[in-house]
Amino acid sequence: MNDLLEDVDRFCRELRPLEDIAYLERRHNDMLIPLARKYNLMGMIVPREYDGRGADNLTYARALERIGMEGSGIRSFFSVHTSLAQRLLMRHGTDEQRERYLRPSARGEKVLAFALTEPEAGSNPLEMRSRYREDEGSSSSGGGYILNGTKYLITNATIADAIVVFAKGNGGRMSAFIVDTDGEGMEREALVAKMGTPTTDTGMFELKDYRVARENLIGREGDGWRIAKEALIDGRLSVAAGCVGSIRDCLIEAVRYARERVQYGKPIARHQLVQEHIAMIRLDYVAARALVRDAVRLKDAWDRDMGSEEKRRRADSAVAEAKLFAVNAAYDAADRAVQVFGGRGWSYLYRPARHLVDNRVCRIYEGTDEILKLKIASNVLGKEYRAYE
Ligand SMILES: Cc1cc2nc3c(=O)[nH]c(=O)nc-3n(C[C@H](O)[C@H](O)[C@H](O)COP(=O)(O)OP(=O)(O)OC[C@H]3O[C@@H](n4cnc5c(N)ncnc54)[C@H](O)[C@@H]3O)c2cc1C
């Protein structure tokens, strides 16, 4: 195992008992970030020249698989901080943005978030209402922008030091900004009464005449939608990889319990209908992992040749397919593991129940099941059959 994967494994082992308690108390796991810092995991894919670990796509996917064993909540933190925000800065950030945000984030000095969704714009981010305009009275020498809007259902929203925010300017073209969270005019609020992932942060924030320096524009004005769509390829891949880990944990737990639990005079593992659950969880695992590894291969090809539209399209399709399959396989695996555990399976004292509720959200964020089905179908049928614009 390479160094990074060993560190990830140590991190997961130290985090698990703390996560168990935080989960049962339904509170944010305050040790997630300190431990990620301790094991130097805050910049897994960030190049070494920016103080990261420089992991390639496959190593990072394997790291997320391991983290996913601890739960989709924990993995969500890395999906947003690393797969979405850091990758986006690696790809589109200026040298200055990399110094100010990428380097400190890789060192664990800054937590990042990614804010596309709004109360009125979820599956279709183009319906967003957040707006920006030129800041006539900017004190910054290069000028700047003023942002207004509300972002909703944002992972890391209340703990992030900087957030990638998407907003529309004159003419409705979307742009992306890296926004510090300590300025005047930002109000943040944690989402309450969540169904799952209680140990990681999900929240919303409102920007009221929020001033952002011109240097914080990512890419060029009008690039926002392209930047967001590219980022979602990485985000989706991270969800899919995490789900492979969640399935693996369900398999380990179901096998262990089925061997130990005795009913009708023999371990339930000897009952054939229980064996069916074990077989199907195993299938969920090998099939999801194979699709994820294939998607990683195609993403590698695109990363090596970012200008190729054909390679982007192939990576995008493979990732959408891997994500749709893996999230549903993970939900199925958790459901089957709960069944193997019987009445105990229904309790959060055991891991399958947590996987079940936490994996449920994976079918909603980073492209709902429905949106990904439409995307996959139109990839097969051709653009003229697209069911949505
Ligand atoms: C825990 C959590 C964390 C999140 N983290 C982030 C984050 O960090 N950053 C971020 O930007 N967003 C984040 N999201 C938001 C997430 O991406 C959205 O919830 C998701 O895109 C769906 O949008 P929506 O909730 O508005 O649902 P809607 O778009 O209102 O969809 C509702 C239902 O209608 C279906 N639907 C919509 N349009 C169509 C169509 N054309 N055809 C068929 N069916 C359709 C959907 O599939 C869904 O079933 C997070 C969400 C959750 C729950």
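Residues numbered from 1 in each chain as written. Predicted model: local features only at pLDDT ≥ 70, side-chain atom pairs only at ≥ 80, totals over all residues. Heavy atoms only, no water.

**Q** Explain the overall build of the protein here, please?
**A** From N to C terminus, the protein includes 10 helices and 10 strands. Taken over the C-alpha trace, the protein has a radius of gyration of 21 Å; the compact-globule value for 389 residues is 21 Å, and the two agree within 12%. For the protein, with 389 residues in total, the buried portion stands at 54%. Nonlocal contacts in the protein, meaning residues at least 24 apart in sequence, comprise 73% of its contacts between residues at least 6 apart. Each charge class in the protein was averaged separately, 61 positive and 59 negative side chains, and the resulting centres sit 5 Å apart. (Helix = DSSP H or I, 4+ residues; strand = E, 2+ residues; numbered from the N terminus. Rg over C-alpha atoms; globule rule 2.2 N^0.38 Å. Buried < 20%, exposed > 50% of the residue type's maximum accessible area, 1.4 Å probe, protein only. Contact = heavy atoms within 4.5 Å. Lys, Arg positive; Asp, Glu negative; His and termini not counted. Charge placed at Lys NZ, Arg CZ, Asp CG, Glu CD.)

**Q** Please explain the packing of helix α1 (residues 3-24) against helix α3 (residues 57-69) as it appears in this structure.
**A** Helix-helix packing: each pair is described by the crossing angle between the helix axes and the interaxial distance. The interhelical angle for the contact between α1 and α3, taken along N-to-C directions, is 15°, at an axis separation of 10 Å. Between α1 and α3, the interaxial angle falls into the category roughly parallel. Crossing geometry of α1 relative to α3 is assigned as right-handed. Contacts between α1 and α3 involve Leu4, Leu5, Val8, Asp9, Phe11, Cys12, Arg13 and Arg16 from the first element and Thr59, Arg62, Ala63, Arg66, Ile67 and Met69 from the second. Split by residue class, the contact of α1 with α3 holds eight nonpolar, one polar and five charged. (Axes fitted to C-alpha atoms, helices over the stretch in contact; angles between N-to-C directions. Parallel < 35°, antiparallel > 145°, perpendicular 65-115°, else oblique. Left-handed = near helix turned anticlockwise from the far one by under 90°. Nonpolar A, V, L, I, M, F, W, Y, C, P; charged D, E, K, R; others polar.)

**Q** In this structure, what is going on with the site of the ligand? I would like to understand it.
**A** Around the ligand there are 19 residues in total, and Thr117, Ser123, Leu153, Thr368 and Glu370 lie nearest to it. Note that a nitrogen atom of the ligand is positioned 2.6 Å from one of the side-chain N or O atoms of threonine 117. One nitrogen or oxygen atom from the side chain of serine 123 is found 2.6 Å from an oxygen atom belonging to the ligand. Summarising the interface, the protein chains cover 66% of the accessible area of the ligand, which totals 970 Å² for the free molecule. Elements with a contribution of two residues or more to the shell around the ligand: β1 (112-115), β3 (144-155) and α10 (369-381). Class assignment for the residues of the shell around the ligand results in 11 nonpolar, six polar and two charged. The residues that make up the shell around the ligand include at least three from each of domain 2 (114-218) and domain 3 (224-385). (Near = heavy atom within 4 Å. Polar contact = N/O pair within 3.5 Å; in protein donor to acceptor, adjacent residues only side chain to side chain. Areas by Shrake-Rupley, 256 points an atom, 1.4 Å probe, with all protein chains shown as cover. Domains from an automatic or database assignment.)

**Q** So what exactly am I meant to see when it comes to the packing of aromatic side chains here?
**A** Between two aromatic rings, the relevant description is the distance of the centres plus the angle of the planes. Enumeration according to the criterion identifies nine aromatic pairs in this entry. Taken together, the ring pairs in this structure connect Phe11, Phe77 and Phe78 into an aromatic cluster. One cation-aromatic arrangement involves arginine 354 over tyrosine 23; the distance from NZ or CZ to the ring centre is 5.2 Å. Lying over the aromatic face of tyrosine 331, arginine 363 brings its terminal NZ or CZ to 5.3 Å of the ring centre. (Phe/Tyr/Trp six-rings, centres within 6.5 Å; stacked < 30°, edge-to-face > 60°. Lys NZ or Arg CZ within 6 Å of the ring centre and 35° of its normal.)

**Q** Mind showing me how you'd approach the domain arrangement of the protein here?
**A** Size of an interface: often given as the accessible area lost when the parts come together. Under the domain assignment, the protein is made up of domain 1 (3-111), domain 2 (114-218) and domain 3 (224-385). Between the C-alpha centres of domain 1 and domain 3 the distance comes to 20 Å. Every contact between the two is made by 26 residues of domain 1 and, on the other side, 37 residues of domain 3. Around 2,600 Å² of area is buried between domain 1 and domain 3 when both sides are counted, 54% of it from carbon and sulfur atoms. Where domain 1 packs against domain 3, one counts eight salt bridges. For aspartate 234, the salt bridge identified is with arginine 87, shortest N-O distance 3.2 Å. Of the residues that constitute the side of domain 1 that touches domain 3, the class distribution is eight nonpolar, nine polar and nine charged. (Buried area = accessible area lost by both parts, 1.4 Å probe. Salt bridge = Lys/Arg side-chain N within 4 Å of Asp/Glu carboxyl O.)

**Q** Please clarify how the side chain of glutamate 65 should be interpreted in this entry.
**A** Mapped onto the elements of the fold, glutamate 65 is located in helix α3. What makes glutamate 65 buried here is its relative accessible area of 9%. Residues within four places of glutamate 65 in sequence aside, it is in contact with Ala241, Val244, Gly245, Arg289, Val292 and Arg293.

**Q** Just to check I follow, could you spell out a nonpolar patch on the surface for this structure?
**A** Together, Leu24, Tyr348 and Leu349 make up an exposed nonpolar region whose accessible area comes to about 290 Å². By secondary structure assignment, the location of tyrosine 348 is in the loop between α8 (309-341) and α9 (351-360). Residue classification places tyrosine 348 among the partly exposed residues on the basis of a relative accessible area of 30%. (Patch = residues over 30% accessible without salt bridge, like charges linked within 9 Å, V, L, I, M, F, W, Y side chains within 5 Å.)

**Q** Help me out: how do you make sense of the pattern of salt bridges in this one?
**A** Once the charged atoms of two side chains with opposite charge are near each other, the side chains can pair. Here the structure, examined in full by the defined rule, presents 44 salt bridges. In this structure, the salt-bridge partner of lysine 151 is glutamate 118, at a minimum N-O distance of 2.8 Å. Residue lysine 151 is located in strand β3, and its partner glutamate 118 is located in the loop between β1 and β2 (131-134); the two are separated by 33 residues in the primary sequence. In terms of burial, lysine 151 and glutamate 118 fall into one category: buried.

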